[in-house]
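# Observations on the model geometry
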Amino acid sequence: MTTEAETRTESGEGQSAPVQAPLGGARAWFVWSLSAMAFGYAFFHRVAPSVMVSDLMSEFAIGAALLGTLSALYFYPYVLLQVPLGALLDRLGARKLLFTALSCATLGSVIFAMAPSLGWAYLGRILVGIGSAVGFLSSLSLAAQWFPQRRFAMLAGLTMFFGMMSGVLAQTPLALFVEQFGWRASMWALGGFGGLLAIMILIFVRNSPHGNGRTVSENAESWGDIWRGFSRAIKMAEVWKIAIVAAAMSGPMLALGGLWGTPYLMAAYDLTRPNAAFYVSFLFFAWAIGAPASGWLSEHVGSYRTMLLAGAAILTVAVGMLTFLPSAPLWLTVVLLIVTGLSGSAMAVCFALVRQVSPTVISGSVSGIVNSMTVASGALLQPVIGLALDMLWAGEIENGSRVYQAETYQNAFILIFVVVLLGFIVGLRIKRVAQ
């Protein structure tokens, strides 16, 4: 592969010197791919409970509301940490943060695997959420450092590709593994993989092509600078508009793919868990294809905003049909899941758009705001849908687990449609920016 060159300044011990650093190339792709794998690992954890619903309900004697809370505990620390982690990336870089975070996720996986009670499972899930919080932002940070700026939107989409393909693996393959070896064994395996990835990142990842460096940005020389950058970012109205749209477009994927899609298909079409998970995986696969494609298309169309609004409009229609079409044939539901993934994945351009409307010195902070809102949609929708299911539950129990009818799921999914519709409306208010 041919490489490109660009002059960047590296912060040293009390001095700055221009360094001609090659951007792109095999080493850049390897370094970036490790961080993308870290995001994939985080995303696998994010959606894994979707194929463990009945197992976890039976193991801990809980209903949909508490199961939704257990799953969503991953999201709460993830959301709270996004903005401060974005600011820390501006100062410290990706290497140390990724290693520390993956070590925490590994510990959480082990605790969840051994959990003798719901409280211990809560703790494990929280630690996994903390450890997963830095993966996506680190990938963006390394993409910005190791590649030319014009590649950023595509790399953001490719990072999403890693995540969504992990989501595919967390459906049928994980469902088959759980049925064969149990949910606890799957968590042990995740812990082992997380530990191995942490070691690889410590050995191979560097914050920039110049070496590891003390900082990534010369503009974040003190903790006061970090706080000022954070304060500046949260006061930008345009950043929050973009973040809300990103959250709304991620909501269906996190709510359906992350937890409730598989049990819904099992109830609606009398499918086995592996088969239902297989059909849900089409949503993730479509997102995996659509995210880098939307970044590439937006660069050629010349407008991130146009791509974003087109995706939001199509997503609103697809989710509306999933929610309000009674007794839809399975093939149509699968098509709508694919369209949901393809259109929702256009939110990947939010990370390029938000960098476009904000100063470079706070790029980590604004990316953190967008990513925190994205994940917040899952933190909100998963337990709220679970609560709605419990409120509409007809009282049926099978093998110690509550049984919900297909129409009950669809009634609860109205909440998803409302969120998506509101996101599209907010998207219309995003200002046009020259690309």
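Since the model is a prediction, treat every value here as computed from it, not as a measurement.

Rules used throughout
- Residues numbered from 1 in each chain as written.
- Predicted model: local features only at pLDDT ≥ 70, side-chain atom pairs only at ≥ 80, totals over all residues.
- Heavy atoms only, no water.
- Helix = DSSP H or I, 4+ residues; strand = E, 2+ residues; numbered from the N terminus.
- Buried < 20%, exposed > 50% of the residue type's maximum accessible area, 1.4 Å probe, protein only.
- Areas by Shrake-Rupley, 256 points an atom, 1.4 Å probe, with all protein chains shown as cover.
- Core = buried A, V, L, I, M, F, W, Y, C linked by side-chain atoms within 4.5 Å.
- Contact = heavy atoms within 4.5 Å.
- Salt bridge = Lys/Arg side-chain N within 4 Å of Asp/Glu carboxyl O.
- Axes fitted to C-alpha atoms, helices over the stretch in contact; angles between N-to-C directions.
- Parallel < 35°, antiparallel > 145°, perpendicular 65-115°, else oblique.
- Left-handed = near helix turned anticlockwise from the far one by under 90°.
- Nonpolar A, V, L, I, M, F, W, Y, C, P; charged D, E, K, R; others polar.
- Patch = residues over 30% accessible without salt bridge, like charges linked within 9 Å, V, L, I, M, F, W, Y side chains within 5 Å.
- Expected span 1.5 Å × (residues − 1).
- Arc of directions from axis to C-beta.
- Lys, Arg positive; Asp, Glu negative; His and termini not counted.
- Polar contact = N/O pair within 3.5 Å; in protein donor to acceptor, adjacent residues only side chain to side chain.
- pLDDT = per-residue confidence, 0-100.
- Phe/Tyr/Trp six-rings, centres within 6.5 Å; stacked < 30°, edge-to-face > 60°.
- Lys NZ or Arg CZ within 6 Å of the ring centre and 35° of its normal.

## Examining the overall build of the protein
A count of helical and extended segments in the protein gives 19 helices and 4 strands. Expressed as a percentage of its 435 residues, the buried residues of the protein come to 60%. When the accessible surface of the protein is split by element, carbon and sulfur atoms take 67% of a total near 16800 Å².

## Regarding unusual backbone geometry
Its identity as a non-glycine residue notwithstanding, A61 has a phi of 55°, on the positive side. With respect to the element layout, A61 can be found in the loop between α2 (53–60) and α3 (64–72).

## Quick word on the nonpolar core
Grouped together as the largest cluster of nonpolar side chains are 139 residues, with contacts concentrated most on M52, W260, F284, I385 and I416. Leave out the neighbours within four places in its chain, and W260 touches A64, L67, G68, A255, Q382, I385, G386, L389, Y409 and F413.

## A look at the pattern of salt bridges
In total, this model carries 5 salt bridges according to the counting rule given. Between R273 and D55 there is a salt bridge, with the nearest N and O atoms lying 2.2 Å from each other. Within this pair, whereas R273 is found in helix α13 (residues 273–301), its partner D55 is found in helix α2, the two being separated by 218 residues in sequence. Taking the relative accessible area as the measure of exposure, R273 reaches 12% and is therefore buried. Residue D390 is joined to R402 by a salt bridge in which the shortest nitrogen-to-oxygen separation is 3.0 Å.

## Notes on the packing of helix α14 (residues 304–324) against helix α19 (residues 414–427)
Angle between the axes and distance between the axes are the two parameters that describe a pair of packed helices. As a packed pair, α14 and α19 sit with axes 9 Å apart at the nearest point and diverge in direction by 160°. The angle between α14 and α19 falls in the class roughly antiparallel. As for the relative orientation of α14 and α19, their crossing is left-handed in sense. Residue-level contacts link R305, L309, A312, A313, L315, T316, V319, G320, T323 and F324 of α14 to I414, I416, F417, V420, L421, F424 and G427 of α19. A per-class count over the contact of α14 with α19 returns 12 nonpolar, 4 polar and 1 charged.

## Remarks on a nonpolar patch on the surface
Taken together, F324, I414, V418, L421, L422 and I425 make up a surface patch of nonpolar side chains, about 500 Å² in accessible area. Residue contributions to the nonpolar patch peak at 5 residues, all from α19. With respect to the helices and strands, F324 occurs in helix α14.

## Some words on helix α10 (residues 183–204)
Residues three or four positions apart in an α-helix share a direction because the helix packs 3.6 residues into each turn. The end-to-end C-alpha separation of α10 is 32 Å, in line with the 32 Å expected for 22 residues at 1.5 Å each. Listed as buried for α10 are W183, S186, M187, L190, G191, G194, L197, A198 and I201. Along the axis of α10, the buried positions cluster into a sector of 145°, meaning they face one direction only. Tucked into the core, α10 has its buried residues touching α1 (26–47), α2, α5 (94–114) and α9 (172–181).

## Regarding the side chain of R305
As for its placement among the helices and strands, R305 is situated in helix α14. One buried charged side chain, R305, makes no salt bridge at all; its nearest oppositely charged neighbour is E238, positioned 6.7 Å away. At 3.2 Å, the side chain of R305 forms a polar contact with the backbone oxygen of L428.

## Things to note about the confidence of the model for the protein
Within the protein, residue pLDDT values average 85, and 89% of them lie at 70 or more. Considering each helix and strand of the protein separately, the mean pLDDT is smallest for strand β1 (residues 4–11), with a value of 40, and largest for helix α15 (residues 330–344), with 96. Across residues 1–21 the pLDDT falls below 50, and counting only partners more than four positions away or on other chains, this stretch makes 53 contacts in the model. Note that pLDDT drops below 50 for residues 212–221; the model gives that stretch 33 contacts with residues more than four away or on any other chain.

## Regarding the packing of aromatic side chains
Applying the stated criterion to the full structure yields 21 aromatic pairs. In this structure an aromatic cluster arises from ring pairing among F39, F43, F136, F284 and F351. Looking at R402, its charged tip hangs above the ring of W393, at a distance of 4.1 Å from the centre.

## Here we look at the environment of L381
Tracing the chain through its elements places L381 in helix α17 (residues 363–392). Along the backbone, L381 and I416 are 35 residues apart, and their C-alpha atoms lie at a distance of 7.2 Å. Aside from chain neighbours lying at most four places away, what touches L381 is G251, A255, L415, I416 and V419.

## Regarding the environment of A248
For A248, the location among the structural elements is in helix α12 (residues 237–269). For A248, a relative accessible area of 4% corresponds to the buried category. Distance in space between the C-alpha atoms of A248 and V419 is 5.6 Å, their sequence separation being 171 residues. Not counting the four nearest positions on each side in its chain, A248 is found in contact with L315, V419, V420 and G423.

## A closer look at the side chain of D390
Summarising the element assignment, D390 is placed in helix α17. Using a relative accessible area of 18% as the deciding quantity, one classes D390 as buried.

## Structural notes on the environment of S401
Summarising the element assignment, S401 is placed in strand β4 (residues 401–402). Along the backbone, S401 and A61 are 340 residues apart, and their C-alpha atoms lie at a distance of 7.6 Å. Residues in contact with S401, not counting those within four places in the same chain, are S54, M57 and E396.

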